[in-house]
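Residues per chain, in single letters:
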Amino acid sequence: MKLTLDTHTIDACRRDARHIADAIKTELDPYSTVSVERTVLRMLGIDGVDAFDVPYVNVLVDHVKTHGDLRFGIAHHMAWAIARTTKTPQTIAKRVAEGAMSLGDYFEPTTPDYTVLTPFINQSFARIRTQRQHRETVLENHPAPSPEKYVIVATGNIHEDIDQALSAAARGADIIAVIRTTGQSLLDYVPYGATTEGFGGTYATQENFRLMREALDGYQRHHGRYVKLVNYASGLCMPEIAALGALERLDMMLNDSLYGIIFRDINMKRTLIDQAFSRVISGYAGITINTGEDNYLTTTDAFEHAHTVIASQFINERFAEHARMPATLMGLGHAYEIDPSVDNSFLYEIAQAQLSRQLFPDAPLKYMPPTKHMTGDIFKGTVQNALFNIACVTTKQQIHLLGMPTEAIHTPFMSDRALALANADYIYKAFKAFADSVDIKPGSLIEKRAHAVLDNARTLLDDIREEGLFVTLKKGTFAGVSRGENDGKGLGGVFKKHPLYTNPIMERMLAACEEDAS
Amino acid sequence: MKLTLDTHTIDACRRDARHIADAIKTELDPYSTVSVERTVLRMLGIDGVDAFDVPYVNVLVDHVKTHGDLRFGIAHHMAWAIARTTKTPQTIAKRVAEGAMSLGDYFEPTTPDYTVLTPFINQSFARIRTQRQHRETVLENHPAPSPEKYVIVATGNIHEDIDQALSAAARGADIIAVIRTTGQSLLDYVPYGATTEGFGGTYATQENFRLMREALDGYQRHHGRYVKLVNYASGLCMPEIAALGALERLDMMLNDSLYGIIFRDINMKRTLIDQAFSRVISGYAGITINTGEDNYLTTTDAFEHAHTVIASQFINERFAEHARMPATLMGLGHAYEIDPSVDNSFLYEIAQAQLSRQLFPDAPLKYMPPTKHMTGDIFKGTVQNALFNIACVTTKQQIHLLGMPTEAIHTPFMSDRALALANADYIYKAFKAFADSVDIKPGSLIEKRAHAVLDNARTLLDDIREEGLFVTLKKGTFAGVSRGENDGKGLGGVFKKHPLYTNPIMERMLAACEEDAS
Amino acid sequence: MKPLMRPYGDTLNDGKMQLSFTLPMEVGPKGEAVAKALCETMGVADATVVHSEALSEHFSFYILYGTLTHAVDSDAVEVRDIDTESMSKDDIEAYIDAHFDHPITFIGASTGTDAHTVGIDAIMNMKGFAGHYGLERYRHVKAINLGSQVDNETLLEEAIKHHADVILISQTVTQKDVHIHNLTAFIELLEAENRRDDFLLIIGGPRITHALAKELGYDAGFGPKKYAHDVASFAAQALVNKRSQSKR
Amino acid sequence: MKPLMRPYGDTLNDGKMQLSFTLPMEVGPKGEAVAKALCETMGVADATVVHSEALSEHFSFYILYGTLTHAVDSDAVEVRDIDTESMSKDDIEAYIDAHFDHPITFIGASTGTDAHTVGIDAIMNMKGFAGHYGLERYRHVKAINLGSQVDNETLLEEAIKHHADVILISQTVTQKDVHIHNLTAFIELLEAENRRDDFLLIIGGPRITHALAKELGYDAGFGPKKYAHDVASFAAQALVNKRSQSKR
Ligand code: B12
Ligand code: B12
Ligand SMILES: Cc1ncc(COP(=O)(O)O)c(C=O)c1O
Ligand SMILES: Cc1ncc(COP(=O)(O)O)c(C=O)c1O
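If you're wondering where the values come from, they're calculated on a predicted model, not measured in any experiment. (Residues numbered from 1 in each chain as written. Chains lettered and ligands numbered in written order. Predicted model: local features only at pLDDT ≥ 70, side-chain atom pairs only at ≥ 80, totals over all residues. Heavy atoms only, no water.)

**Notes on the environment of B:Asn295**
All names here are of chain B. As a reminder, the rule being used: For helices the rule is a DSSP run of H or I covering at least 4 residues; for strands it is a run of E covering at least 2, with both sets numbered from the N terminus onward. When a residue's accessible area, from a 1.4 Å probe over protein chains only, is under 20% of the maximum for its type it is buried; when over 50% it is exposed; and in between it is partly exposed. Any two residues whose heavy atoms approach within 4.5 Å are treated as being in contact.
By the secondary structure assignment, Asn295 is in helix H12 (residues 294-299). A relative accessible area of 18% means that Asn295 is categorised as buried. Note: C-alpha distance between Asn295 and Lys372 (77 residues apart in sequence) is 9.7 Å. Every residue in contact with Asn295, bar those within four places of it in the chain, is listed here: Tyr259 and Phe263.

In structure tokens, the structure reads:
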């Protein structure tokens, strides 16, 4: 099955998107954020919390704000401190936290010897590489299927989450995402340890990552099949969580600044800077990112706003390219969200899904199920999900977020997930060769709709290129939500870099990615 | 959407079928049955039961067996009796039942003056014509949609059935079928009056027909929309029930001897003779018949036996032609019954449904839902029904029997029907222009499957033509059930007609149909 | 600690369950309130009507989720299941060879007005079902399948005529408990004729359970996902037990 | 005759209902027996397990149908619903015109960590929802929408600052009753600040009912399928009532 698409229009979209994203990069490259700095510290091996449960990495960055000069970057401070004290980063962190030491004492406004950091960076990088290799080896023996069945767990308690995840795995889930508690994205630190008290999701902590990964690895050891693990590199700690995910072998990360800007009211500069680093980390770790365009359609009308999804996908593609991510790690998002009371909803969904498929042929597209128009009628919901599953296999999507019959009611029960998996399996089987057995008629409603959406996306991208992404966000183009350049949470954590600023982690990772690519 | 089919093969199938059905007609034309004779009596206006609840029509025919000579036909006896007594048929029936009169007294082995029957026949015919006209007028103002949503009621109690039917109508059902109680098809009489005690269905009686028709007409008067009513002209009283349906304005009749032979162990000669008359009646009354090929697939493997359905449809088409039925009244049956655990089940179903659609382009095909592979898992069942609904609209079927999520559990609850109707409505809407937006790829699995099924049907029809339908039925070709020519229930009710035998009802109806056609 | 069992949604012992039903009343706030009140009578707390719709002017449908406040002690729950072990076809044939000097005769039918044969055929016919051969294909077994719509009297006559060891009855239609009436009538017929102990009596069908069979006075009952080898295993062993008991 | 209500399948008072739930135990005859035993505790007779499946080694899922033996007297069931009449936008505007000499000020937010805005936007924003304009478009109404993730303290501050007549709170996430905690905390805050009587307090969200709102100490609660005009109708009339009561 194939749509005939105008390649000129597609090229124009890519040109616009490049322009838009590059302009953001140029504007924001002179800045860093507290979360980027904390991430650098994590990659130097710093872990743990102080007596008040404040992570050492926060303690250190806050400390430098008052006792050093953050504009030079945390690495600068650490390099001087290590060079002078010959202590490990972790020891330095502890001592600073105890008030036994001040980084201000070692700070110099001249370039330090960064090679003192190398052994610590090496250790983190080695761990990430090992994790990546482990994933690749296991997946070579048991390749991931296509589509991959992706379900969420969201009990709020990591131990219950594990029970739920193992049941999902037993019922054939390929990917498990642990949803985060409602409040976390606005926290400017990463909570610590195993947690049991979330609402609508479970805290993202390194220990929770580890526990779930361990459980899923246990499943893999017994059954051969590797089950991927997902969390959210988003919110105010975006790059830190990307780093934790890289260390604990997560396989995918929801990662999209636009989501944070629009739906969490996070300051756009803050999160775009954070995103740039987080994508470099995920790219280096071989972690697939998932973008959040689907959310535009849960909030506004999916039929009218379909082109905003395509436009945003092009922009997100370019942002990922900045991080040297290969297309195979770009899980661009879209969704099946057209109102079921609309005539021909299935045809429009097929048009949209097939359009995304053809525009980003190498990307493992993330296809989201109906959520907005799900109701308490679990039987109708079961049919909505079946149609979505059909659209998924008919247009050959890759990352298949399964719809829950109880979407409008509660975060999934164990049985909801099993029903969703069975629904998908049945459709995969029944429609196995369907995509290869039918053609879209030229001039049909499906084709016309795809053309219209692509044309509108192009017009929108032209406009954004003209006015700049920040203005577009102010206009409320995406999801009907308006956000100002200097509004939202976390702007205080953004700072202008000193000419001597260096982020050695980012540099080394980018270099490694360049090398991999060549 | 269209399959490329070989017209030579199709022509060959029709030729074979004609040969097969014509041979049966030739063989059975010299015979009549007790039920045919009782039907003649009903068309003379005889109604009611005796003191032992035995219908007068049974009393009379039994009476003639001993006191007259049934080989001459009941009309012969009645014509003589009326001519001699100038009593109405109803009075004669009553008096015979009371033992106050014997038809033997008036019988002569010479042709009576049949015109004495004409006023009574006229009355019945006029009533049937009025009913037919009423249906046609109402449907002209509110034309039936396509597909038509068909649901069953089966509480066993006509009053509960009415509640259920009115709820179904309120939820959009276009057609209501009242299923019959398990034992009725083997009864050699039609029960009388309103009934409340059936199992797995409700007795088919003239009063029950009337009550339900009245309720649905009431709905029509309030809402404008005509809701069609269906019952079963099958079993040992096949033509009688066809007559009652014609009088009470039923709109469709399940009517297929092969069903009775195979699934009720009714003698094949008996029911084929009964069928010939019943189809004439239904054709005259403008009643659509539904054939039962779907049942072959509920009993044997639907993938392997798909071609038996096509072969049987061709034969049934020819049997209907014998009755001068136009194609527009031939609701040939088929079904969505392939095991959902088979790869590409949906593709094979599409192949089969589209094949039937193209082979019988003017017939209002009756498309049955999954039943055999339905389980107690009502959520999976909901998906199975959704796929069936998609197949229905994608291949443009006409009579759409809705699948119930609780098929494997109980005869439908009121809510089951509402869920089934909502499922179908949603699919109709979502897939509205789908059939016109996609093409089946030449050489695809769908096309290959359709060709294979058609070829196999042709081979089978060749064989049946060779060996004769009776031998085929003995071999268990249909539904894997073997039946002998002289086995089964009801053979005792078959008798050879005397050269002077006449069935004036059948003759007049056929003549009227010829006239209508020209 | 007692293994108290409660339904589970996403937290152990949370008691979460789903319910749905129709009420013979108009849809609306009153209907929802009645639906919730019914849940209370059941011990389902905090019931939420997640969906309601009109089925007609006088009927309405509700889907609810709630929290069951009851629990059951799973140790105290009795499981009434066939207690003989299920053997393979080969083992059964060997077992019969070892324990019987004549083939075992099974006679079966779908009785009353029930015309469903697929179930009894699944157990008796050569071909069997879902990859399990039927009794006809077993060595040392004589399988006589009378088909459907067989009345109780005919079944008994034929069983006597063929010296059947085992009578198999299939019942598929269960509306208004027609199967219960029919199965009870057969037991009464046997007792009236003083024949109850002459046969092993086995019933089956989609709504038949072993517990129900025992309640009705039959020796065993088999439901979905039971095949010829399950039936033959039980029958062969039960016949041996019966013989040894009658010897004592 | 008392209007006793029981579930309905296909015969009046047949009590038929459907249930489904998970048990934290292995699938099998024991699980089915426990599932049925749970139904017994609920007064569901003749429960049949029509489907069971393993969710993992330690969890299993059951679908059942059964007959509820309980009934409720529908006359005795209290319906706690908004008792003011719902007016159209035009009528509301006229009503305010007639009864107030200043516009009514509504201040609204999705509070706590809840980031869902679609619900509160549906009530407050120009565009409204499902063809019903939002409060912003009403004459004589001032609508201030603070958006989401607003904490209780901020909401109260802003309400005082803007001299709000009505506070609107939306709560969408309900897992572990987080909405109850959050809504209770707001009432406690108001009482601590002695501000409870300064505002009309209205809550809404997919799991909010009027009954729940009253229980928690709010003036009204609105769930799905309620729109701006329902809220405005209630608010305008309630404010008038409140005024006349305080005058007395
Ligand atoms: C196929 C079918 C038919 C076919 C039957 C063909 C045939 N030759 O048997 C046809 C189309 C003829 C038919 C007709 C009717 N059917 Co029907 N039919 C079905 C259907 C779709 C499948 C049944 C089946 O074959 N299952 C497969 C077999 C293998 O499963 P099984 O019977 O459970 O058998 C297994 C076990 O139970 C066990 N077993 C069964 N019997 C026995 C016996 C013994 C001794 C042992 C040890 C084990 C055993 O072993 C088997 C293998 O594991 C079901 C719906 C469904 N999906 O279940 C409806 C269903 C059974 N039918 C139903 C009805 C009502 C009818 C009719 C009465 C409708 C009507 N009024 O016309 C008529 C029957 C009239 C009559 N006189 O009986 C209802 C019964 C409702 C109820 N619970 O009361 C059902 C549930 C559909 C529905 N929801 O309405 N039907
Ligand atoms: C859209 C949506 C989102 C969007 C929200 C975008 C936005 N700007 O609001 C996004 C994608 C951002 C989102 C995120 C999340 N979501 Co959300 N989301 C939904 C979804 C699909 C639809 C909700 C919706 O918009 N409904 C439409 C509106 C109009 O309906 P409504 O809110 O009921 O409002 C009506 C009435 O209730 C009433 N009303 C509502 N509020 C008020 C207030 C007043 C004063 C009045 C009078 C009336 C009133 O009037 C409205 C019109 O009739 C639902 C699933 C579903 N189908 O319901 C899940 C759902 C609500 N989300 C859920 C969850 C868990 C989340 C997350 C927490 C997941 C996570 N951990 O990341 C995050 C939120 C994080 C956070 N901090 O809150 C769960 C909540 C489960 C529960 N019961 O606890 C749901 C049910 C999905 C699920 N099954 O898991 N979500
Ligand atoms: C792209 C993306 N990021 C993040 C989130 C939510 O995560 P959080 O609010 O925990 O950052 C979502 C939720 O759906 C998402 O789609
Ligand atoms: C063609 C046909 N006739 C008749 C029947 C059943 O009717 P009865 O057994 O009451 O004759 C069916 C049942 O599905 C059928 O498909």
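Next comes the rest of the description.
**Concerning the coordination of the cobalt atom of ligand 1**
What counts, and what does not: Distances up to 2.8 Å from the metal define which N, O and S atoms are donors, and 3.2 Å serves for Na, K and Ca; water is absent from the atom set, so sites may look incomplete.
Of all protein atoms, C:His116 (NE2) alone acts as a donor to the cobalt atom of ligand 1, lying 2.2 Å away. Of note, C:His116 is situated in the loop between strand E6 (104-110) and helix H3 (118-124).

**Here's the deal with a negative patch on the surface**
All names here are of chain C. The cut-off we apply is this: Each patch is built from salt-bridge-free residues with over 30% relative accessible area, joining like charges within 9 Å and nonpolar side chains (Val, Leu, Ile, Met, Phe, Trp, Tyr) within 5 Å. Here the accessible surface of atoms and residues is derived via Shrake-Rupley with a 1.4 Å probe, and residues count as covered only by protein chains that are part of the display. Put simply, a salt bridge is a Lys or Arg side-chain nitrogen that is within 4 Å of an Asp or Glu carboxyl oxygen. When charges are counted, neither His nor the chain ends are considered; positive counts come from Lys and Arg and negative counts from Asp and Glu. Charged groups are reduced to one reference atom each: NZ for lysine, CZ for arginine, CG for aspartic acid, CD for glutamic acid.
Together, Asp151, Glu153, Glu157 and Glu193 line one region of the surface with negative charge. The topology assignment puts Glu193 in the loop between helix H5 (178-192) and strand E9 (200-204). The exposure class assigned to Glu193 is partly exposed, which follows from its relative accessible area of 47%.

**A short note on the domain arrangement of chain C**
Going by this rule: Note: domain ranges come from an automatic or database domain assignment.
Each assigned domain of chain C is listed here: domain 1 (16-74) and domain 2 (89-246). Taken over C-alpha atoms, the centre of domain 1 of chain C sits 41 Å from the centre of domain 2 of chain C.

**Observations regarding the interface of chain B and chain A**
For the record, the criterion: Buried area, as used here, totals the accessible surface that two parts lose on assembly, with accessibility defined by a 1.4 Å probe and the loss added over both. Definition of a polar contact: a pair of N or O atoms within 3.5 Å, with one able to donate and the other able to accept a hydrogen when the atoms are protein atoms, and with sequence-neighbouring residues admitted only if both atoms are side-chain atoms. We call Asp, Glu, Lys and Arg charged. Ala, Val, Leu, Ile, Met, Phe, Trp, Tyr, Cys and Pro are nonpolar, and the rest, Gly among them, are polar. Here, a strand pair is defined by DSSP locating no fewer than two bridges between the strands.
In this complex, chain B contributes 37 residues to the contact, which on the side of chain A involves 37 residues. For the pairing of chain B and chain A, the buried interface totals around 3,500 Å² over both sides, and the portion due to carbon and sulfur atoms is 69%. The largest share of the area that chain B buries against chain A comes from B:Phe379, B:Tyr426 and B:Lys441, three residues that together contribute 20% of it. Our count for the chain B to chain A interface comes out at four salt bridges. Salt-bridge contacts for A:Lys432 lead to B:Asp343; the nearest nitrogen and oxygen are separated by 3.0 Å. The tally of links from chain B across to chain A stands at 17 residue pairs in polar contact (both at pLDDT 80 or more). Elements that contribute at least two residues to the side of chain B that touches chain A include exactly helix H14 (345-359), helix H15 (378-394), helix H16 (414-430), strand E11 (438-440) and helix H17 (445-467) of chain B. Considering each element in turn, the side of chain B that touches chain A owes the most residues, eight residues, to H15(B). Across the side of chain B that touches chain A, the residue classes break down as 22 nonpolar, eight polar and seven charged. As paired strands, strand E11 (residues 438-440) of chain A and E11(B) are joined by three bridges and run antiparallel to one another.

**A look at the confidence of the model for chain C**
Cut-off, in case you're wondering: The score called pLDDT rates the predictor's confidence residue by residue, from a low of 0 to a high of 100.
Averaged over every residue, the pLDDT of chain C is 95; residues scoring 70 or more account for 98%. Two numbers describe this predicted complex: its pTM, 0.97, and its ipTM, 0.97.

**Let's talk about unusual backbone geometry**
In this model, A:Ser146 is joined to A:Pro147 through a cis peptide bond whose omega is -5°. Examined against the element boundaries, A:Pro147 turns out to sit in the loop between helix H6 (118-141) and strand E2 (148-153). With a phi angle near 55°, B:Thr86 is a residue other than glycine that sits in the positive phi range. Mapped onto the elements, B:Thr86 comes out in the loop between helix H4 (74-85) and helix H5 (89-97).

**Considering the domain arrangement of chain A**
Residues and elements named next belong to chain A. The domain boundaries assigned to chain A delineate domain 1 (31-120) and domain 2 (145-445). When each unit is reduced to the centre of its C-alpha atoms, the spacing between domain 1 and domain 2 is 35 Å. If you look at where domain 1 meets domain 2, you find three salt bridges. Here Arg38 and Asp188 are joined by a salt bridge, their closest N and O atoms 2.8 Å apart. Scanning the region where domain 1 abuts domain 2 turns up nine residue pairs in polar contact (both at pLDDT 80 or more). The set of elements that each furnish at least two residues to the side of domain 1 that touches domain 2 consists of strand E1 (31-33), helix H2 (34-43) and helix H3 (56-67). Here the side of domain 1 that touches domain 2 gets eight residues from one element, more than from any other, and that element is H2.

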